[in-house]
Amino acid sequence: MASQARDAAGHARDAAAYARGSAGDKIYVAREWAAPKLDAAAHSFEEQIAPKVSALLSQAASRVDPRPPVRSRKWPMLLLFTGLAVGAVGFALYRKNSEQWTDAMKENAAGASRWATDKARATSEKVSDLTDEAASKVEAKAGKLGDKAEHKADQASRKLS
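Predicted model, so just to flag it, every value in this text is computed and none were measured.

Participant: Would you mind showing me how to read the overall build of the protein here?
Facilitator: When helices and strands are counted, the protein shows 2 helices and 0 strands. Relative to its full complement of 161 residues, the protein shows a buried share of 1%. Taken as a whole, the protein presents about 15000 Å² of accessible surface, with 62% of it coming from carbon and sulfur. In the protein, 26 positive and 20 negative side-chain charges are present, and the distance between their average locations comes to 5 Å.

What follows is the structure in structure tokens.
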């Protein structure tokens with residue numbers, strides 16, 4: 001019985017070696033067949049299924065997210081347009097005010113010109129009056145001196161005669 005067991009063990013060993021070799025060959029053939037199939041499945045999953053799963057997960061994340069939604073950009077635009085409107089109104093008021101200021105300056109300049117003309121005329125009249133007065137005084141003195149000179153000339157001519 002021991003010898004039969006040894007023979008059976010030898011046969012089992014040979015059968016196992018053959019099975020191992022045969023299984024190795026079959027595994028190699030199976031791997032050779034499965035590799036392109038798995039690669040094609042991976043590309044197909046990446047191109048078709050993964051985007052859908054990704055979108056589904058993103059949508060679920062946005063629903064679960066406790067943060068408030070992103071605020072709109074209406075306020076900055078509203079502030080910008082309000083600032084532009086205020087600037088336009090300010091510019092219009094500036095233009096109106098500058099025109100009024102120009103008119104006021106023209107009136108002031110005209111008034112100053114009239115005042116200067118009046119002062120010059122008054123000064124001219126004063127100078128003319130002073131000149132007339134001085135001329136009359138000089139004329140009176142000249143008349144007196146002339147009379148004296150004439151009187152002395154008469155006396156000198158009497159003495160000589």
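From this point, the narrative continues.
Participant: Please explain the environment of Leu-93 as it appears in this structure.
Facilitator: With respect to the element layout, Leu-93 can be found in helix 2 (residues 74-160). For the pair formed by Leu-93 and Ser-72, sequence separation is 21 residues and the distance between their alpha carbons is 34 Å.

Participant: I tried to follow the pattern of salt bridges on my own but got confused; where do I start?
Facilitator: When their charged atoms lie close together, side chains carrying opposite charge are able to pair. Taken as a whole and assessed by the stated rule, the structure comprises 2 salt bridges. Linking Asp-118 and Arg-121 is a salt bridge whose minimum nitrogen-to-oxygen distance equals 3.7 Å. Of this pair, Asp-118 and Arg-121 both sit in helix 2, 3 residues apart, roughly one helical turn. Classification of Arg-121 by relative accessible area gives partly exposed; the value is 48%. Here Lys-137 makes a salt bridge to Glu-133, at a shortest N to O gap of 3.6 Å. Residue Lys-137 and its partner Glu-133 are located together in helix 2, separated by 4 residues, close to a single helical turn. Classification of Glu-133 as partly exposed rests on a relative accessible area of 42%.

Participant: How should I be thinking about helix 1 (residues 2-64) in this particular structure?
Facilitator: Along an α-helix, residues three or four apart share an orientation, since each turn contains 3.6 residues. Compared with the 93 Å implied by 1.5 Å per residue over 63 residues, the 73 Å span of helix 1 between its first and last C-alpha is markedly short. If you look at helix 1, its biggest bend is around 45°, right at Ile-49, and the proline Pro-51 turns up within four residues after that.

Participant: Sorry, what's going on with a positive patch on the surface here?
Facilitator: Among the surface-exposed residues, Lys-141, Lys-144, Lys-148 and Lys-152 lie close enough to one another that they form a single positively charged patch. As for its placement among the helices and strands, Lys-152 is situated in helix 2. Looking at Lys-152, the relative accessible area reads 58%, which means it is exposed.

Participant: Before we go on, may I ask you to explain a nonpolar patch on the surface in this structure?
Facilitator: On the surface, Phe-45, Ile-49, Val-53 and Leu-57 cluster together into a nonpolar patch covering about 370 Å² of accessible area. Within the secondary structure, Ile-49 sits in helix 1.

Participant: When you look at the environment of Ala-16 in this model, what are you seeing that I'm missing?
Facilitator: Looking at the element boundaries, Ala-16 is found in helix 1. Residue Ala-16 is classed as partly exposed on the basis of its relative accessible area, which comes to 38%.

Parameters at a glance
- Residues numbered from 1 in each chain as written.
- Predicted model: local features only at pLDDT ≥ 70, side-chain atom pairs only at ≥ 80, totals over all residues.
- Heavy atoms only, no water.
- Helix = DSSP H or I, 4+ residues; strand = E, 2+ residues; numbered from the N terminus.
- Buried < 20%, exposed > 50% of the residue type's maximum accessible area, 1.4 Å probe, protein only.
- Areas by Shrake-Rupley, 256 points an atom, 1.4 Å probe, with all protein chains shown as cover.
- Lys, Arg positive; Asp, Glu negative; His and termini not counted.
- Charge placed at Lys NZ, Arg CZ, Asp CG, Glu CD.
- Salt bridge = Lys/Arg side-chain N within 4 Å of Asp/Glu carboxyl O.
- Expected span 1.5 Å × (residues − 1).
- Bend = angle between axes of the 7 residues up to and from the residue.
- Patch = residues over 30% accessible without salt bridge, like charges linked within 9 Å, V, L, I, M, F, W, Y side chains within 5 Å.

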